[in-house]
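Observations on the model geometry
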Amino acid sequence: MMRDFCLASLGAFGWLAACGSVLAQTQPAPDMPATSSFGRWTTMVDTLDTGQDAHKTCAASTAFFDASGNSGTLTLSISTGDVLPPDAYPAIMITIDNRTLPADKKIAAIFGDPGVKVSATVYSNDAVNGRPSWTIDNQAKTSLALLRAMRKVTSLDVTFGKQAVASIPMDGFTKAYRNLGTSCGFQTKDVAP
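So, here's what we can say about the structure. Numbering of residues starts from 1 in every chain and runs along the sequence as written. Owing to the predicted nature of the model, reporting of local features is limited to residues with pLDDT of at least 70; listing and counting of side-chain atom pairs is limited to 80 or more, with chain, interface and lining totals taken over all residues. Just so you know, side-chain values use all the structure's heavy atoms and leave hydrogens and water out.

Here we take up the overall build of the chain. Along its length, the chain carries five helices and 10 strands. Partly exposed describes any residue whose relative accessible area lies between the buried limit of under 20% and the exposed limit of over 50%, with all areas from a 1.4 Å probe on protein chains only and scaled to the type maximum. Counting the 193 residues in the chain, one finds 46% classified as buried. By definition in these notes, contact holds between two residues if any of their heavy atoms fall within 4.5 Å. A sequence separation of at least 24 residues applies to 54% of the contacts in the chain between residues at least 6 apart. Carbon and sulfur atoms make up 52% of the accessible area of the chain, which amounts to about 9500 Å² in all. In DSSP terms, a helix is any run of H or I states spanning at least four residues, a strand is any run of E spanning at least two, and both are numbered starting from the N terminus. Surface exposure here means Shrake-Rupley accessible area, sampled with a 1.4 Å probe, where a residue is shielded only by the protein chains that are shown.

Bringing the environment of Thr135 into the picture now. Tracing the backbone through its elements, the reader meets Thr135 in strand 8 (residues 131–136). Thr135 sits in the partly exposed class, given a relative accessible area of 23%. For the pair Thr135 and Lys106, spaced 29 residues apart in the sequence, the C-alpha separation amounts to 9.9 Å. With residues up to four places along the chain from it excluded, the contact list for Thr135 reads Ile92, Met93, Thr121, Val122, Tyr123 and Asn125. A polar side-chain atom of Thr135 sits 2.8 Å from a polar atom in the side chain of Asn125. Distance and chemistry together define a polar contact, namely a pair of N or O atoms within 3.5 Å, with one atom able to donate a hydrogen and the other to accept it when in protein, and with adjacent residues in sequence counting only for side-chain atoms on both sides.

In this section: helix 5 (residues 173–184). Expected span, for any helix, means 1.5 Å times one less than how many residues it has. If you check helix 5, its first and last C-alpha atoms are 16 Å apart, about what 12 residues at 1.5 Å a residue would give, namely 16 Å. Buried residues dominate helix 5, accounting for nine of its 12 residues. For helix 5, the set of buried residues is Phe173, Thr174, Ala176, Tyr177, Asn179, Leu180, Gly181, Ser183 and Cys184. Among the structural elements, strand 1 (34–38), strand 2 (41–49), strand 3 (54–65), strand 4 (71–79) and helix 4 (140–152) are those in contact with the buried residues of helix 5. Positive backbone phi, at 75°, marks Gly185, one or two positions downstream of helix 5.

On the surface, Arg148, Arg151, Lys152, Lys175 and Arg178 cluster together to form a positively charged patch. Of all elements in the fold, only helix 4 and helix 5 reach the threshold of two or more residues within the positive patch. By residue number, the principal contributor to the positive patch is helix 4, which donates three residues. Only residues above 30% relative accessible area that lack a salt bridge enter a patch, with like-charged residues linked at up to 9 Å and the nonpolar side chains Val, Leu, Ile, Met, Phe, Trp and Tyr linked at up to 5 Å. A pair is scored as a salt bridge if a Lys or Arg side-chain nitrogen falls within 4 Å of a carboxyl oxygen belonging to Asp or Glu. When charges are tallied, Lys and Arg are placed among the positive residues and Asp and Glu among the negative ones, while His and the ends of the chain are skipped. Where a charge lies is defined by one atom per residue type, namely NZ (Lys), CZ (Arg), CG (Asp) and CD (Glu).

Mapped onto the elements, Ser79 comes out in strand 4. Classification of Ser79 as buried rests on a relative accessible area of 15%. A distance of 3.1 Å separates a polar atom in the side chain of Ser79 from the backbone oxygen of Lys56. Once residues within four sequence positions are removed from consideration, Ser79 is found in contact with His55, Lys56, Thr57 and Leu84.

Our focus in this paragraph is the environment of Lys117. Topologically, Lys117 is positioned in strand 7 (residues 116–128). Separated by 41 residues in sequence, Lys117 and Val158 have C-alpha atoms that sit 9.8 Å apart. Non-local contacts of Lys117, meaning those with residues more than four positions away in its chain, are made with Ile110 and Phe111.

As a further point, take the nonpolar core. Residues belong to a common nonpolar core when they are buried Ala, Val, Leu, Ile, Met, Phe, Trp, Tyr or Cys residues joined through side-chain atoms within 4.5 Å. With 43 residues, the main nonpolar core has Leu74, Leu76, Phe111 and Met150 as its most contacted residues. Phe111 has contacts with Ile94, Val116, Lys117, Val118, Ala120, Val122, Ile136, Leu146, Leu156, Asp157 and Val158, leaving out every residue within four places of it along the chain.

Right, here's the structure in full:
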């Protein structure tokens, strides 16, 4: 039951915040997703076997706080049933308990730091359990540039429109991304050589 809740929470508002009790277990049950930690990032690999085929969902997430103390998560997710890199990259979602951020369906956003800037479009999603979330437009070229920026920067500065969202530490990102590739069967050398 916790497994189903955590998987549903993955897309809804960041699995890290929803599944903290699962991560605290030292010996997870055999049907629980496998988790690993890399710096400030945690990965989750879950296999859903229907009897006819098995699909893996691979996710990496990091928690952060904005300047006002609002908690949030940055989550990447991909499934073996999806188109994999280099044709498409993991979906990237930000959730944060900040209701003052733009909630338009299509918002111009900037990601990076003073030396690296990536422009992207984010889409506001319906709040789930009261937590607003935004999904980055998953165009292969933009996603690749953003993932490369995440590898290069110490902290990823995020701005929606003209409003600063947060500066998200990237410690452990490269190893977490490589873990996603190994777990879900895609090459990572274009992002994390």
